[in-house]
Amino acid sequence: MDQLKSYAPILPEIVLALGAMGVLMAGVFRKQVEPGADYVSGWLAIALLAIVGIMVAMGGPGREVLFEGSFINDAFSRFTKVLMLGAAALVLVMSMDALARARILSTEICALILLAVVGMMLMVSAGNMIALFLGLELQSLALYVIAAIDRRNVRSSEAGLKYFVLGSLSSGMLLYGASLIYGFTGSVDFSVIATVAQGRPAAENVGLIVGLVFVLVGLAFKIGAVLFHMWTPDVYEGAPTPVTAFFAAAPKLAAMALLVRMLLQAFPGIASQWQQIIVFISIASMVLGAFAAIGQTNIKRPMAYSSIGHVGYALIGLAAFTEVGTQSLLIYLAIYIAMTLGTFACILSMRTADGPVEDVQSLAGLASTNLGMAFALAMLLFSMAGIPTLAGFFAKLYVFGAAIEAKLYMLAIIGVLSSVVGAYYYLRVVKVMFFDPATTEYMPVERGAGIVMAAATAFVLLFIILPAPLADAALNAARALHGGTTAAVSEPAPAAAARAGAGTVPGTP
Amino acid sequence: MALTAGFFYLFAALAVASAAMVILARNPVHAVLFLILAFFNAAGLFILLGAEFLAMILVVVYVGAVAVLFLFVVMMLDVDFAELKAGFIKNAPIGLIVGGIVMGELILLFVSGGFELGLAQQPGAPIAELGRDVSNTKQLGLVLYTRYVFFFQIAGLVLLVAMIGAIVLTLQHRKNVRRQSIAAQVARTPATGMAIVKVPPGGYVLPPTESNTKTETQG
């Protein structure tokens, strides 16, 4: 019994994984439902995500380590897990009707989403390279299938295939880098890698840095940062819109959190090395995100470039390599998820009697036909552009503040400039909605999408009144990570040393 | 010792010969069969090294799954191998250069003594606490389900996702497919299995559809 009790920190993951299998089994034994419109599985999945989210949020404070350091449950992982569980649940709430209309709301897509979330939860809790890779693959494999789930649609299949081929390549890079890191430190464990890398002259870390670069390439692909972003617009455009909404929210957060944990816990000793890389990726992503969205006509493509840009802004917080920087990154991601979900709820509501439309021009005159939706979308886009008093402004304020505190003036200046350029695109959409004559008659907004839209708009508008809870939670989470690097791990030193011994190649003298 | 050396040369020669046949065989099915032979010989080499688990895995995974999959692909897809081979002469110089570089690197490594990393000198090094008399398979089993149970379980989830994905992306529910219904066959009695139908003059009778008793007549 005591043995079982010691697994308590990982209980949410176990419940979610078993729940996913339960949803599958329930789908098998239920009377044949109309194919492609399986609302029961959808609601089951939402309930599961909500229950697990409450379990994670209720989890006690402090840091617990399981399976010899492979699984870490701390404030950082709890913060990100609650966010991604909430994001996944909200995506399902707002898009079940759209999925059912496209005839792809099957038992399998619900189970796959749940299993992808299990992978994300394992990613943000990963304490060594093996757990990192397995969690990442669990998530990625599920996402490849979800991207191609609408198999009657050529573009969906194309998106899935593209994502799969490029994703496999990036996984290979990551794995190669991880093997180099193992070879040059003798361990896969984050804390042991940190001690080994810190305790020797910089010249001996060259091989380790080469490995780290490969791992960063793999992870930059997963977060869709520039140089490795090429898949993003195509996959976002080709995949069904509800799937795109899911891609833009939860997996981004999980991969970012994974990147932050790995860099801060395994490589604090060679921070000056990876900071250069992160600064470059950050600048390139911000600039490309700002310029490439201009001139796009399909509404989902600029959302892809916008997500690339937002990843760039969030990475500023990581480049700062301070507690405040990590806090600002987490706040940025939380606000980004709220804005993205709200915007995608609007995009899902862009449909006529003939089906969904994705052309920006079809939004013309929305203010005269559906003022509520036009207002919500305008507020969300203003927030993304960073107009003051909206949540997106504070998100940017936090990361730029962290950058200035860390003396990264260049980064902050380029960030501000590119957000001005990026505002052009968001404002153009608002102009089309409010000042162009109406051309398209949309169907009324569905309830699920409407709820998410309203909630996101309210969050964006009212964040200024009560920013403290989010900021405090993010600070708490950031502290868990930065405290962990200086005080090593909570477990005694001999245990860590024993693990270092166990992790080395057996038989080496 | 001489016996071991004899087996080594047998397996090694057969492996090299069958590997050569893989690329030289005219018939692609023969090429895949030679590939399987090469796998078996490599497994034999592993056994000589004392790595019996790797040998089993090689046979089970590569021969049992991968090579059979190759056979399926070769036999079911209409690949024009003559056309593929036509580019062989054209690309041969590049292939020779790449092969030469790899060969040179291997020779350099061998001459410089790079193989003596300490690891290679004690093949099948045992996990410290178990000792040498426990077989590889048992040692792997002892750590896989205890120390690495977490990774083992996640790997299981990954495979579950792969299975769901393969099914959801390829399974088609076709209509008008006649599948065997064993329960219905067993439950058949002469009364339900036969029906006397009156055929109207000049008309015809359609075969019974779902239920055996109901018939449709037209004409």
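Residues numbered from 1 in each chain as written. Chains lettered and ligands numbered in written order. Predicted model: local features only at pLDDT ≥ 70, side-chain atom pairs only at ≥ 80, totals over all residues. Heavy atoms only, no water.

Topic: the overall build of chain A
What counts, and what does not: Numbering of helices and strands starts at the N terminus; helices are DSSP runs of H or I of at least 4 residues and strands are runs of E of at least 2. As defined in this context, the radius of gyration uses C-alpha atoms, and a globule is described by 2.2 Å times the residue total to the power 0.38. A 1.4 Å probe rolled over the protein chains alone gives each residue an accessible area, and that area as a share of the maximum for its type sets the label: buried under 20%, exposed over 50%, partly exposed in between. The criterion used for residue contact is that any of the two residues' heavy atoms lie within 4.5 Å. All accessible areas in this document rest on Shrake-Rupley with a 1.4 Å probe, and a residue is counted as covered only by the protein chains that are shown. Note on charges: Lys and Arg go in the positive column, Asp and Glu in the negative column, and His and the chain ends are not counted at all. Taken as the charge centre is NZ of Lys, CZ of Arg, CG of Asp or CD of Glu, depending on the residue.
Helix and strand counts for chain A come out as 21 helices and four strands. Computed over its C-alpha atoms, the radius of gyration of chain A comes to 22 Å, within 12% of the 23 Å expected for a compact globule of 509 residues. Projecting the C-alpha coordinates of chain A onto the three principal axes gives extents of approximately 75 × 60 × 40 Å. Expressed as a percentage of its 509 residues, the buried residues of chain A come to 60%. Across chain A, every contact between residues at least 6 apart in sequence was considered, and the portion connecting residues at least 24 apart equals 82%. Summing over all exposed atoms, chain A offers an accessible surface of approximately 18700 Å²; the carbon and sulfur share of this is 71%. For chain A, the centre of its 26 positive side-chain charges and the centre of its 26 negative side-chain charges are spaced 1 Å apart.

Remarks on the interface of chain B and chain A
For clarity, the threshold we go by: Once two parts are put together, the accessible area they lose, assessed with a 1.4 Å probe and summed over both, is termed the buried area. Any N or O atom pair separated by 3.5 Å or less is treated as a polar contact, with the protein-specific requirement of one donor-capable and one acceptor-capable atom, and with residues adjacent in sequence counted only for side-chain atom pairs. For this classification, Asp, Glu, Lys and Arg are treated as charged, while Ala, Val, Leu, Ile, Met, Phe, Trp, Tyr, Cys and Pro are nonpolar and the rest, including Gly, are polar.
Contact with chain B, which involves 21 residues of that partner, is made by 28 residues of chain A. For the pair chain B and chain A, the summed buried surface comes to about 2300 Å²; carbon and sulfur atoms form 81% of the total. Looking at the side of chain B facing chain A, the largest losses of area belong to Phe-150, Phe-151 and Val-161 of chain B, adding up to 27% of the total buried there. The interface formed by chain B and chain A includes four residue pairs in polar contact (both at pLDDT 80 or more). Looking at side-chain class alone, the side of chain B that touches chain A contains 16 nonpolar, four polar and one charged residues.

Structural notes on the confidence of the model for chain B
Residues and elements named next belong to chain B. Cut-off, in case you're wondering: The predictor attaches a confidence to each residue, called pLDDT, with possible values from 0 through 100.
Mean pLDDT over chain B works out to 80, with 82% of the residues at or above the 70 mark. Taken element by element, chain B is modelled with least confidence in strand β2 (residues 217–218), mean pLDDT 46, and with most confidence in helix α6 (residues 149–170), mean pLDDT 93. Predicted confidence is poor over residues 118–126, with pLDDT under 50, and the contacts of this stretch with residues over four places away or in other chains come to 13 contacts. Here residues 211–219 is modelled with pLDDT under 50, and outside its nearest four sequence neighbours on either side it reaches 15 contacts, counting other chains as well. Taken together, the chains of this predicted complex give a pTM of 0.83 and an interface ipTM of 0.88.

Regarding the layout of surface pockets
Quick note on the threshold: Lining residues are defined by having an atom within 4 Å of a point belonging to a cavity or pocket. Those points lie on a 1 Å grid over the protein atoms alone, cavities being sets where a 1.4 Å probe fits but cannot get out and pockets being open sets with protein on both sides within 12 Å along at least five of seven lines. Grid points are joined across faces, edges and corners, and a volume is the space filled by probe spheres set on the points.
Estimates place the volume of the second largest pocket at around 1100 Å³. Considering the residues around the second largest pocket, the lining is formed by 31 residues, among which Pro-35, Ser-106 and Glu-108 of chain A together with Val-168 and His-173 of chain B are closest to the centre. Put simply, the parts of the chain that give the lining of the second largest pocket at least two residues each are α2 (11–29) and α5 (107–124) of chain A together with α6 of chain B. Take the lining of the second largest pocket: its biggest share by element is five residues, from α6 of chain B.

A short note on the packing of helix α8 (residues 190–198) of chain A against helix α11 (residues 241–266) of chain A
All names here are of chain A. Selection criterion: Angles here are taken between N-to-C directions and fall from 0 to 180 degrees, while the axes themselves are lines fitted to C-alpha atoms, restricted in helices to the stretch in contact. Between 65 and 115 degrees an angle is taken as roughly perpendicular, under 35 as roughly parallel, over 145 as roughly antiparallel, and anywhere else as oblique.
Contact geometry of α8 with α11 gives a least axis separation of 8 Å together with a crossing angle of 40 degrees. Classified by the interaxial angle, the pair formed by α8 and α11 is oblique. Residues Phe-190, Ser-191, Ile-193 and Ala-194 of α8 form the contact with α11, whose participating residues are Arg-261, Met-262, Gln-265 and Ala-266. In the contact of α8 with α11, the residues fall into five nonpolar, two polar and one charged.

Some words on the pattern of salt bridges
All names here are of chain A. Rule in force here: Any Lys or Arg side-chain nitrogen found within 4 Å of a carboxyl oxygen on Asp or Glu counts as a salt bridge.
In total, this model carries 16 salt bridges over all chains according to the counting rule given. A salt bridge links Arg-30 to Asp-38; the nearest nitrogen and oxygen atoms lie 3.3 Å apart. Judged by relative accessible area, Arg-30 falls into the partly exposed class, the value being 24%. On the basis of relative accessibility, which here comes to 2%, the residue Asp-38 falls in the buried class. Among the salt bridges present, the one from Arg-479 reaches Glu-323, with a minimum N-O distance of 3.3 Å. Highlighted residues: Arg-479 in helix α20 (residues 468–486) and Glu-323 in helix α14 (residues 323–348), separated in sequence by 156 residues. Linked through salt bridges whose partners overlap, the residues forming this network are Arg-155, Glu-158, Lys-162, Asp-234, Glu-237, Lys-300, Arg-301 and Glu-358.

Digging into empty space enclosed by the protein
Residue and element names in this part refer to chain A. In this structure the tally under the stated criterion is four cavities of 30 Å³ or more. Roughly 130 Å³ of volume is contained in the largest cavity. Secondary-structure elements contributing two or more residues to the lining of the largest cavity are α12 (271–292), α13 (300–320), α16 (371–385) and α18 (409–435). When its residues are assigned to classes, the lining of the largest cavity shows 11 nonpolar, seven polar and one charged. Looking at the second largest cavity, its volume works out to about 80 Å³. The wall of the second largest cavity is formed by Gln-139, Ser-140, Leu-143, Tyr-163, Lys-222, Trp-231, Tyr-236, Phe-247, Pro-251 and Lys-252. Along the lines of polarity and charge, the residues of the lining of the second largest cavity split into six nonpolar, two polar and two charged.

Notes on the packing of aromatic side chains
For any pair of aromatic rings, the description rests on two quantities: the centre-to-centre distance and the angle between the ring planes. Our working rule: Stacked, tilted and edge-to-face are the three classes applied to pairs of Phe, Tyr and Trp rings, where Trp contributes its six-membered ring and a pair requires centres within 6.5 Å; stacked means planes under 30 degrees apart, edge-to-face means over 60, and tilted covers the rest. Charge-over-ring placement is defined geometrically: NZ (Lys) or CZ (Arg) within 6 Å of the ring centre, and within 35 degrees of the ring normal.
Under the defined criterion, the tally for this structure stands at 22 aromatic pairs over all chains. Measuring from centroid to centroid gives 5.5 Å for Tyr-163 of chain A and Phe-247 of chain A, while their planes differ by 50 degrees, and the two rings are tilted. Pair noted here: Tyr-163 of chain A is in helix α7 (residues 154–185) and Phe-247 of chain A is in helix α11, with a separation of 84 residues, a long-range link. Each of the two residues, Tyr-163 of chain A as well as Phe-247 of chain A, counts as buried. Ring geometry for Tyr-313 of chain A against Tyr-332 of chain A: centres 6.1 Å apart, planes inclined by 25 degrees, an arrangement best described as stacked. Pair noted here: Tyr-313 of chain A is in helix α13 and Tyr-332 of chain A is in helix α14, with a separation of 19 residues, a long-range link. An aromatic cluster of three or more residues is present, and its members are Tyr-7, Phe-67 and Phe-71 of chain A together with Tyr-148, Phe-150 and Phe-151 of chain B. Just above the ring of Tyr-313 of chain A sits the side chain of Lys-396 of chain A; from NZ or CZ to the centre is 4.6 Å.

Focus: the nonpolar core
Worth spelling out the cut-off: Residues belong to a common nonpolar core when they are buried Ala, Val, Leu, Ile, Met, Phe, Trp, Tyr or Cys residues joined through side-chain atoms within 4.5 Å.
With 197 residues, the main nonpolar core has Phe-246 and Phe-267 of chain A as its most contacted residues. For this core, the element with the most residues is α11 of chain A, which contributes 19 residues. The contacts of Phe-267 of chain A, once residues within four sequence positions are left out, are Met-129, Ile-181, Ile-193, Leu-208, Leu-212, Met-262 and Trp-274 of chain A. Leu-35, Phe-39, Val-63 and Ala-67 of chain B belong to the second largest nonpolar core, which has five residues in total.

What about helix α9 (residues 206–223) of chain A?
We count it as follows: Multiplying 1.5 Å by the residue count of a helix minus one yields the expected span of that helix.
In this model, α9 of chain A (18 residues) spans 25 Å end to end at C-alpha, consistent with the 26 Å of a helix rising 1.5 Å per residue. Most of α9 of chain A sits out of view: 14 of its 18 residues are buried.

Some details on the side chain of Ser-18 of chain B
All names here are of chain B. Assignment of secondary structure puts Ser-18 in helix α1 (residues 2–24). Overall, the relative accessible area of 2% leaves Ser-18 in the buried class. A polar contact of 2.7 Å, which involves the side chain of Ser-18, links it to the backbone oxygen of Leu-14. Ignoring anything within four residues of it in the chain, the contact list for Ser-18 reads Phe-34, Leu-37, Ala-38 and Asn-41.

Focus on the environment of Leu-481 of chain A
Residues and elements named next belong to chain A. By the secondary structure assignment, Leu-481 is in helix α20. The buried category is assigned to Leu-481, whose relative accessible area is 0%. Sequence separation of Leu-481 and Asp-74 is 407 residues, and the distance between their C-alpha atoms is 8.3 Å. Contact partners of Leu-481, with chain neighbours within four places excluded, come to Asp-74, Phe-76, Val-260, Arg-261, Leu-264, Gln-265 and Thr-326.

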